[in-house]
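# Coordinate analysis (summary)
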Amino acid sequence: MARGFFNYMKRLLISFAILIIIATLAIIYLPGINTPFQFDDVKRIAGQKVIENLDIGNIFQYSKSRFFLYFTLAVNYYFCKYNVFGYHLVNLIIHTIASLLVFVLSFIIFNSPRLKKQNLAQHSLMLAFFSSMIFAFHPIQTGAVTYIWQRGESMAGMLYLLAIFLYAKFRLSQANGHRRKIKALFYIACIIAITLCSCTKPNSVTLPIAILIFEICFLSRNIKEFRGSLKYLIPILFFILLPMALAKFDVGENKGVAIRFTNYYMPYYYTKIRVLANALWLMLFPVNQSIEYNFTLSASLINPISTLLSLIILFSLVVIGIFNFRRNPLVSFVIIWFYLAFSVTTILYLEDFFFEHYLYMPLFGYSLILPVLSLNIANNLKINKKWWIGFLIILIAAYSIAAYSRNLVWKTEISLWEDAVKKSPSRARAHYTLGVYYFRAQRYEEALREYNIALKLKPEYPEAYYRLGEYWFNFKDIERSIVYYKKAIEMNPEFFEAYVNLSNVYLANKQYKDAKECLISALRFTNDQGVIKSINKILKETERYE
């Protein structure tokens, strides 16, 4: 009787916790449900024809490593075209599911065979609840939820967590003597989740390793049990090859992404050390968030000195993880998780050092450990549990308010990029992008100012010259427009849009021969049949005028 009542209350509390998470996420994110396409959204979604037809074969042909991501975007387009409401709603649903997975996975972890000795099980429900709320409401998550294109990050994260959860359920069902069909169902579902994750984003390559680490840290109590689990782990570990193979055949999709260890690129990797340390800081104190972070290159490990200090911090974490593996596997798991979740964006040479969405998965480890560490501190100092709960509630409330405020910054293109310019004034791209949106809002003087600042910060910036060509053509200054378009083409001879726009300037000035040459050049740098057809039509017109 007593046990039945306890189980009933437990289910009631879990239902209440789930309702709180869903309701609070709605309060934080629904006010920004009509936030326009931002940054890469414009090119990857609004300007992406592959999503306009729900053709699975065509989508897979276009992008194998992000097939499932593009498929969901195509479904969005099928139902709501380019109405952003539907895209944001799907992103919010994905993040909500991921947050609930954090809840159930955390609960499993705190009750796992290796952590039962730490007496975390008696607080497991409360700890899991706080973990999921930190993950759900942390303001850094806006970079993967409000930013539509970064659905890839949140969806890969959701599938990542789902695969680990299903594997954990499979292994625990073995220990609990469940029927063979139920155990097989969990394992097959885990394999499906890994496959879908592999088709969502290339950083899913770390998922099989994460499952291996999960097994070692929480499920296997000794070497014998671990050896017994290898017959299930080895097939999963082979899935490391799947995202690698998919990414290899996505030549266009992954152009410029590579592992480079030459001396020329070492400053990049020195800088990445500071980026990792900054990521730790942002998890703890998410202040001065920006879509555009400014990291100057580190010339060496001691220039600037913050590179060396960052390395010491990161190395200290490794030492802590090693020495706590037997006594406190949760600490080791969280540290390994941080490095594993960041490994792909750290090893690969990417144009940008850091984006907030990189933190989507690392935040799970932070969300997992913070309630436990604060509880241990409260126990050691013999502080009443009410103060511990009060501290976490205040912290989560602060995160929620910060997330709500950050969403308001994303509300318009101009508000987002004015914020970026304010926080990263030396980033040319921030000024350039703000200039584009000022121009579209017919705030011409401000647009011109931002374009000029961008060129001052980055003289070799073809896109900025292209926009200046557009700017002066708008004011009927043909000569200046031609100069700037030519400058853009000189810096980037494959600049298709610059050729097309320059041809329009020549046509307006009745320079038909020059317009024809530009259009012929433009044809060399596009495979879009619709565009080719339009250009050929204009070419026939220019021939008639000639």
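The structure reproduced in this document is the subject of the present report.

### Brief notes about the overall build of the chain
Helix and strand content of the chain: 25 helices and 2 strands. In terms of C-alpha radius of gyration, the chain reaches 26 Å, essentially the compact-globule figure of 24 Å for 546 residues. Along the first, second and third principal axes, the C-alpha atoms of the chain reach 95 × 50 × 45 Å. A total of 546 residues make up the chain; the buried ones form 50% of that total. The contacts of the chain with a sequence gap of at least 6 include a subset with a gap of at least 24, amounting to 72%. Accessible area of the chain: about 26,800 Å², with a carbon and sulfur share of 64%. Distance between charge centroids for the chain: 18 Å, based on 58 positive and 33 negative side chains.

### Things to note about helix H8 (residues 151–175)
Here H8 contains 25 residues, and its C-alpha end-to-end distance of 36 Å stays within 8% of the 36 Å for a straight helix at 1.5 Å per residue. Of all 25 residues in H8, 20 are buried; the element is thus mostly enclosed.

### A look at the packing of aromatic side chains
Two aromatic rings are characterised by how far apart their centres lie and by the angle between their planes. This model, assessed by the stated rule, comprises 47 aromatic pairs. Aromatic pair Tyr432 and Tyr451: ring centres 6.4 Å apart, planes at 40 degrees, arrangement tilted. Within this pair, whereas Tyr432 is found in helix H19 (residues 428–440), its partner Tyr451 is found in helix H20 (residues 444–457), the two being separated by 19 residues in sequence. Between Phe439 and Tyr471, the ring centres sit 6.2 Å apart and the planes meet at 50 degrees, which makes this aromatic pair tilted. With Phe439 in helix H19 and Tyr471 in helix H21 (residues 462–474), this pair connects stretches of sequence that are 32 residues apart.

### Looking at the side chain of Ser131
Mapped onto the secondary structure, Ser131 falls in helix H6 (residues 124–137). Take Ser131: its relative accessible area is 0%, and that puts it in the buried class. Apart from the residues lying within four places of it in its own chain, the contact partners of Ser131 are Val102, Ser106, Phe110, Ser367, Leu368 and Pro371.

### A few points about the pattern of salt bridges
Tallying each qualifying case throughout the model produces 14 salt bridges. Residues Glu153 and Lys201 are paired through a salt bridge, measuring 2.6 Å at the closest nitrogen-oxygen approach. Placement of the pair is Glu153 in helix H8 and Lys201 in the loop between helix H9 (180–198) and helix H10 (207–219), with a sequence separation of 48 residues. What makes Glu153 buried here is its relative accessible area of 5%. A cluster of three or more residues bridged by salt bridges with shared partners is formed by Glu292, Asp352, Arg427 and Arg429.

### Here we look at the packing of helix H13 (residues 266–284) against helix H14 (residues 305–323)
Their axes nearest at 8 Å, the elements H13 and H14 cross at an angle of 60 degrees. Taken together, H13 and H14 sit at an angle that is classed as oblique. Here H13 and H14 pass one another in a crossing that is left-handed. Across the interface between the two elements, Tyr270, Ile273, Arg274, Leu276, Ala277 and Leu280 of H13 pack against Ser306, Thr307, Ser310, Leu311, Ile313, Leu314 and Leu317 of H14. Partitioned by chemical class, the residues of the contact of H13 with H14 number 9 nonpolar, 3 polar and 1 charged.

### Digging into helix H23 (residues 496–508)
For H23, which comprises 13 residues, the first-to-last C-alpha distance of 19 Å matches the rise-based estimate of 18 Å (1.5 Å per residue) to within 8%. When we look at burial in H23, the residues that qualify are Phe496, Ala498, Tyr499, Asn501, Leu502, Ser503, Val505 and Tyr506. Following H23 by one or two positions, Lys510 has its phi on the positive side, about 60 degrees.

### Some words on the nonpolar core
Counting 171 residues, the largest nonpolar core has Ile109, Leu161, Leu330, Trp337, Phe354 and Phe364 as its most contacted members. Here this core gets 13 residues from one element, more than from any other, and that element is H8. Residues contacting Phe354, with those up to four places away along its chain left out, are Val275, Asn278, Ala279, Leu282, Tyr293, Phe295, Phe342 and Leu359.

### Remarks on a nonpolar patch on the surface
Among the surface-exposed residues, Leu301, Ile302, Ile305, Leu309, Leu311 and Ile312 lie close enough to one another that they form a single nonpolar patch of about 530 Å² accessible area. In this fold, Ile305 is placed in helix H14.

### Structural notes on the environment of His431
Looking at the secondary structure, you find His431 in helix H19. When the C-alpha positions of His431 and Ser290 are compared, they lie 13 Å apart, and in sequence the two are 141 residues distant. Leaving out residues up to four positions away in the same chain, His431 has contacts with Val421, Pro425, Glu450, Ile453, Ala454 and Leu457. Polar contacts involving the side chain of His431 include one to the main-chain carbonyl oxygen of Pro425, which spans 2.7 Å.

What counts as what
- Residues numbered from 1 in each chain as written.
- Predicted model: local features only at pLDDT ≥ 70, side-chain atom pairs only at ≥ 80, totals over all residues.
- Heavy atoms only, no water.
- Helix = DSSP H or I, 4+ residues; strand = E, 2+ residues; numbered from the N terminus.
- Rg over C-alpha atoms; globule rule 2.2 N^0.38 Å.
- Buried < 20%, exposed > 50% of the residue type's maximum accessible area, 1.4 Å probe, protein only.
- Contact = heavy atoms within 4.5 Å.
- Areas by Shrake-Rupley, 256 points an atom, 1.4 Å probe, with all protein chains shown as cover.
- Lys, Arg positive; Asp, Glu negative; His and termini not counted.
- Charge placed at Lys NZ, Arg CZ, Asp CG, Glu CD.
- Expected span 1.5 Å × (residues − 1).
- Phe/Tyr/Trp six-rings, centres within 6.5 Å; stacked < 30°, edge-to-face > 60°.
- Salt bridge = Lys/Arg side-chain N within 4 Å of Asp/Glu carboxyl O.
- Axes fitted to C-alpha atoms, helices over the stretch in contact; angles between N-to-C directions.
- Parallel < 35°, antiparallel > 145°, perpendicular 65-115°, else oblique.
- Left-handed = near helix turned anticlockwise from the far one by under 90°.
- Nonpolar A, V, L, I, M, F, W, Y, C, P; charged D, E, K, R; others polar.
- Core = buried A, V, L, I, M, F, W, Y, C linked by side-chain atoms within 4.5 Å.
- Patch = residues over 30% accessible without salt bridge, like charges linked within 9 Å, V, L, I, M, F, W, Y side chains within 5 Å.
- Polar contact = N/O pair within 3.5 Å; in protein donor to acceptor, adjacent residues only side chain to side chain.

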